[in-house]
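# Descriptive structure summary
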Amino acid sequence: MVVMALIVSVMPVLAEPAHSLAVNEGFENPLGFHDPAPRFSWKLPVGVKQQKAYRIEANTPGKGWDSGWVESGDSTLVPYGGTPLASREAMTWRVNFRDESGTEYGWSAPARCEIGLLSNDDWKARWIRPSQPCDAAKEPVGLLRKKFPVAKEVSSARVYVTARGLFELELNGNRVGSDHFANGWTSYRKRLDTLSYDVTGLLKSGGNTIQAMLGTGWYAGRVAWGKNQKGQYGKLAELLLQLEVSYKDGSKEMIVSDGGWEGTFDGPVVSSSLYDGEDYDARRQPSNWAPVVADANLGSARLTPKPFLPVREDQTLGVKRITEPKAGCQVFDLGQNMVGWARLRIPVEKDKTITVRFAEMLNADGTLYTENYRSARSTDTYTSAETGTITWEPRFTFHGFRYVELSGLPAGVQPREDWVTGVVLHSDLRPIGGFTSSHAKLNQLQSNIVWGQRGNFLDVPTDCPQRDERLGWTGDAQAFCQTAMFNYDCLAFLKSWLGSMRDDQQPDGRLPHVVPGVVSESGSPGWMDAATIVPWEAYIRTGDREMLEQNYPMMEKLVAWYGSQAVDGLLPGIKGYGDWLQPHAKGLKGDTPFPLLGAAYYAHSLQILANASVVLGRGDDAVRYAALADQVRGAFTNQYFDNDGKLKNAPETQTAYVLAIAFDLIPRELRSGAGANLDRLIREAGGHLRTGFLGTPLIARALDETGRSETACELLFQESYPSWFYPINQGATTMWERWNSYSLEKGFGDAKMNSFNHYAYGAIGQWMYERVAGLSPDPANPGYRHFFVRPLVCKQLDSARAELETPYGKAVSSWVKRDGWVELEVEVPPNTTATIEFPGDRKPLTVPAGSYRYDAGL
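Let us look at the structure shown here. Each chain has its residues counted from 1, running along the sequence as written. Predicted model: local features are reported for residues with pLDDT of at least 70 only, side-chain atom pairs are reported and counted for 80 or more only, and whole-chain, interface and lining totals are derived from all residues. The side-chain quantities take in all heavy atoms of the structure and omit both hydrogens and water.

Once that is clear, we can look at the overall build of the chain. Secondary structure elements are defined from DSSP: runs of H or I of at least 4 residues count as helices, runs of E of at least 2 residues count as strands, and each element is numbered from the N terminus. In terms of regular secondary structure, the chain is built from 14 helices and 48 strands. This radius of gyration counts C-alpha atoms alone. The globule rule is 2.2 Å times how many residues there are, raised to the power 0.38. Radius of gyration (C-alpha) of the chain: 28 Å, near the 29 Å computed for a compact globule of 858 residues. Overall, the chain is about 80 × 70 × 60 Å in size when its C-alpha atoms are taken along their principal axes. For every residue, the accessible area (1.4 Å probe, protein chains only) is compared with the maximum for its type, and the residue is labelled buried under 20%, exposed over 50%, or partly exposed between those bounds. Within the chain, the proportion of its 858 residues that are buried is 61%. For accessible areas, the Shrake-Rupley method is used with a probe of radius 1.4 Å. Any residue's cover is judged against the shown protein chains and nothing else. Counting every atom, the chain has about 30,900 Å² of accessible surface; 48% of that belongs to carbon and sulfur. By the counting rule applied here, Lys and Arg register as positive and Asp and Glu as negative, while His and the ends of each chain are not counted. Positions of charges follow a simple convention, taking NZ of Lys, CZ of Arg, CG of Asp or CD of Glu. In the chain, 89 positive and 100 negative side-chain charges are present, and the distance between their average locations comes to 2 Å.

Quick look at the structure:
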């Protein structure tokens, strides 16, 4: 390909100051922050090529810190050099910078950071709960309240709060915050997240009332499956709350949860379960208030400010279609599989109960298909106190669904579309990436990937959102993390989850298959390795060394366990989930032998640990772990590959070849042969995948890296089973657990394991963004300080585009075929560079910040 024209367009510099000031993992003006020594990030105005120096001023009452002018191009995660902040302290800070020509741009607008309660010692409150007897198995919802006076003019007021369970607060009848499922799900025995709210404007002179609603949630509710479904951590939910009021005369007052509160289980929310739904009886107004049970022992779990944003309402979906498959049951189709709940505005009759059921799919007769929910009831009920029209939504449950069925409605009413609204809920993550192309099904695949992530990133990265499971499966998360971090800014989200992983790591180094660890199983290759893969991939995409520093001990313990099981570098006795759900396999765990998978992931985690050691300046560790990785790779090659790059001593599987190539486990001279054999297996399968959860995320990359990009494209655009487009052809609006969870021809698959919202196979998104569109990070310059534009012009496409809000600004790689030419557009954000690898054989070109267009011949 010959480059025929180049147009460079750079917006004029208007001497604008830095903007988008944030601390740590992208927090802007946080309240209740978790880090007493924040790290600062900012973005430069468009038109600036490079920063040459910066200056930071940070001030807290009575003290300050000035970095002075620092000759550096760093503009992300710059450490604070002042005295660490204390609980409750607030800091304001601003930044100035000089560009490549020495021009000074002036001070930015100030940003703010207020610290939460950092230590258990900061808490004067007690754990409280209603004192009345109740049936814990029914997952009751408690109410707690405290009346108190305010006699002076308020300067500021903060509520610090957490729960063993879930809470929702009201102050003087006003909802406090917009969070749902607070305080979230951590390894509760080790850590409880706390939340902070500014309630200054909600207090009033005279009498005030603060009230809390308590749900069992993940703490005391139904979680996982088997004999111990309920009460994994405790039997009843409890609240810990501290309202701290500062008055304008300089005095302070603290209202805490203690024995002076009242509580009851006799309220309108009869029960609320994550799996089973919520039962609401409007006739049961709060009554039988009594003194609470109060416990001054805070327990051994660390109380720490929540290190990422809670679950919030993201958007709402309207009804597309209404049907009545059987008399008295109205089915409302939202047109999109989603996660959240239904907001109802419906007519009701006094003392009658409306039943609200949910489903992802419909049976052939139009009724709800719920068999795949297994034992999860996933049903809400509303019993009315009066005849009329009510507006209602639940509090402590969520559902995975597209369809909502209402029954028990007044006789003769005609359903309306505005009766049901789908409320989409997930952790409040900022969308940062976008992908589009000329191919409608590829665009639908991207939509399905995003909706799958949106629904399953609900406080922890779950496998599915609808059945009696909804757990943080480590294998799914490690497969999907690269794709996830392109679509959403989920660094803080994953950091918190890895904190629970560290808390739940076993003494011998193994990691549980789910985190938080409510299932006892552990030790599966490809699942445990989330402990190494997720931190490393997050570091590449954000430049956050802290991901490696925090998790380094966990990584070391994991590879030490692998080493304790190894025999001459191999793992003959290892077991696990295998290449889970491989199509046409002999069992659920696929056809790739466990020992081969174990050796592959052992070598891969060793190499990641060696790489992390280099980044962290641990030279001796780097040498030692790199040598061990070489030894395991050598053993792997000798055991499983002949001199022609063909598998031996194991069944030939696509996944075995994929891992050998993608993890760089075999010598360079064998890669081409391995790629040829992988290609052959795909051809023998009729151009189809034969990979499960471990092989599928890497298969396109393995083909591409061995010169078989055309085969990779053919796989991506394959229409028949198994393929990414096959579920789309059956009507999928999210990623499915199985390629054939449903087919128009045969109907539903095995209901025991048949999720229609399961993001693992959405990991193909990484290849779509980084190769099809061409926007890929550079591990040697993490955080997109330098990145690659290396588009793959597939014959199946006329155009593709990826754009990403990097830590430095927006990066774009876009290409379009036009009359025998390819038009390539590139945007490189300020303070970064990019290397463009053209679709043809022209030498790569490295460019500074700016906007570029290249017209090249095909």
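Moving on, we get to unusual backbone geometry. A cis amide bond links Val515 to the next residue, Pro516, at an omega of -5 degrees. Among the structural elements, Pro516 can be located in the loop between helix H4 (491–504) and helix H5 (530–542). Of the consecutive residues Tyr721 and Pro722, the connecting peptide bond is found in the cis state with omega at -10 degrees. Within the fold, Pro722 resides in the loop between helix H12 (709–716) and helix H13 (725–729). In the Ramachandran plot, Asn29 falls in the positive-phi region, its phi being about 50 degrees despite a non-glycine side chain. Relative to the assigned elements, Asn29 resides in the loop between strand E2 (19–23) and strand E3 (31–33).

At least two bridges found by DSSP between two strands are what make those strands a pair. An order of E2-E4-E8 is seen for the 3 strands of this open sheet, with the pairing classed as antiparallel. Only two strands of the sheet have a single neighbouring strand rather than two, namely E2 and strand E8 (78–79).

Now for the nonpolar core. Residues Trp42, Leu406, Leu445 and Trp724 are the most contacted members of the largest nonpolar core, which totals 236 residues. Of all the elements, helix H7 (residues 594–615) adds the most residues to this core, at 13 residues. Any two residues having at least one pair of non-hydrogen atoms within 4.5 Å are treated as being in contact. When sequence neighbours within four positions are dropped, the list of residues in contact with Leu445 reads Leu716, Trp724, Phe725, Ile728, Met735, Ile764 and Met768. The set of buried Ala, Val, Leu, Ile, Met, Phe, Trp, Tyr and Cys residues whose side-chain atoms join them within 4.5 Å is what this entry labels a nonpolar core.

Over the atoms rolls a probe the size of a water molecule, and in doing so it shows where empty space is left. Using a grid of 1 Å spacing that covers the protein atoms alone, one calls a set of points a cavity when a 1.4 Å probe fits there but cannot get out, and a pocket when the set is open and has protein on both sides within 12 Å along at least five of seven lines; lining residues are those with an atom within 4 Å of a point. Grid points are joined across faces, edges and corners, and a volume is the space filled by probe spheres set on the points. Approximately 1,000 Å³ is the volume found for the largest pocket. If you trace the largest pocket, you find 39 residues lining it, with Glu537, Ala662, Arg701, Glu705 and Gln766 closest to the centre. Among the elements of the structure, helix H3 (474–487), H5, H7, helix H9 (654–662), helix H10 (668–684), helix H11 (696–705), helix H14 (765–773) and strand E43 (775–777) are those that each provide at least two residues to the lining of the largest pocket. With 7 residues, the single largest contributor to the lining of the largest pocket is H11. Classifying every residue of the lining of the largest pocket by side-chain character gives 20 nonpolar, 7 polar and 12 charged. Here the second largest pocket defines a volume of roughly 770 Å³. Phe27, Leu309, Pro310, Arg312 and Asp428 are, among the 38 residues lining the second largest pocket, the residues nearest its centre. Elements with a contribution of two residues or more to the lining of the second largest pocket: E3, strand E16 (191–198), strand E26 (311–317), strand E35 (420–427), strand E36 (430–431), helix H2 (440–456), strand E40 (488–489) and H4. Under this grouping Gly is polar, as are all residues other than the nonpolar Ala, Val, Leu, Ile, Met, Phe, Trp, Tyr, Cys and Pro and the charged Asp, Glu, Lys and Arg. Considered class by class, the residues forming the lining of the second largest pocket number 16 nonpolar, 10 polar and 12 charged.

On to the packing of H2 against H3. Axes are the key here: two packed helices are described by the angle between their axes and the distance separating the axes. Between N-to-C directions, angles cover 0 to 180 degrees, with each direction set by a line fitted to C-alpha atoms, over the stretch in contact for helices. Contact pair H2 / H3: the axes reach a minimum separation of 11 Å and the direction vectors enclose 95 degrees. Here H3 runs roughly perpendicular to H2, going by the angle between their axes. Here Gln446, Ile449, Val450 and Gln453 of H2 lie close against H3, whose contacting residues are Phe480, Thr483, Ala484 and Asn487. Grouping the constituent residues of the contact of H2 with H3 by class yields 4 nonpolar, 4 polar and no charged. In these notes the angle categories are as follows: under 35 degrees is roughly parallel, over 145 is roughly antiparallel, 65 to 115 is roughly perpendicular, and the rest is oblique.

Aromatic contacts are taken between Phe, Tyr and Trp rings whose centres are within 6.5 Å, Trp giving its six-membered ring; a plane angle under 30 degrees counts as stacked, one over 60 as edge-to-face, and the others as tilted. Applying the stated criterion to the full structure yields 47 aromatic pairs. Residues Trp527 and Tyr577 carry aromatic rings whose centres are separated by 5.3 Å and whose planes lie at 35 degrees to one another, so their mutual orientation is tilted. In this pair, Trp527 is assigned in the loop between H4 and H5 and Tyr577 in the loop between helix H6 (546–565) and H7, connecting sequence segments 50 residues apart. The interplanar angle of 80 degrees and the centroid separation of 5.3 Å between the aromatic rings of Phe838 and Tyr854 together place this pair among those described as edge-to-face.

Before going further, it helps to spend a moment on the packing of H12 against H14. In the contact formed by H12 and H14, the axes pass within 13 Å of each other and the chain directions differ by 135 degrees. As judged from the angle between their axes, H12 and H14 are oblique. Our pair here, H12 against H14, has a crossing hand that is left-handed. Mapping the contact onto sequence places Ala712, Cys713 and Leu716 in H12 and Trp767, Met768 and Val772 in H14. Split by residue class, the contact of H12 with H14 holds 6 nonpolar, no polar and no charged. Crossing handedness follows the turn of the near helix against the far one: under a right angle anticlockwise gives a left-handed crossing, and clockwise gives a right-handed one.

Burial runs high along strand E32 (residues 379–383): 5 of the 5 residues are buried. Because side chains alternate across E32, one face comprises the buried residues Thr379, Thr381 and Thr383, and the other comprises Asp380 and Tyr382, equally buried. Of the strand pairs in this sheet, strand E22 (residues 277–281) and E32 are connected by 3 bridges, and their pairing is parallel. Each bridged residue has a counterpart across the sheet, and for Asp279 the counterpart in E32 is Thr381. Summarising the sheet, strand E29 (residues 353–359) and E32 pair through 5 bridges and their orientation is antiparallel. For Thr355, the partnering residue across the bridge sits in E32 and is Thr381.

Taken by themselves, the reported measurements are silent on function.
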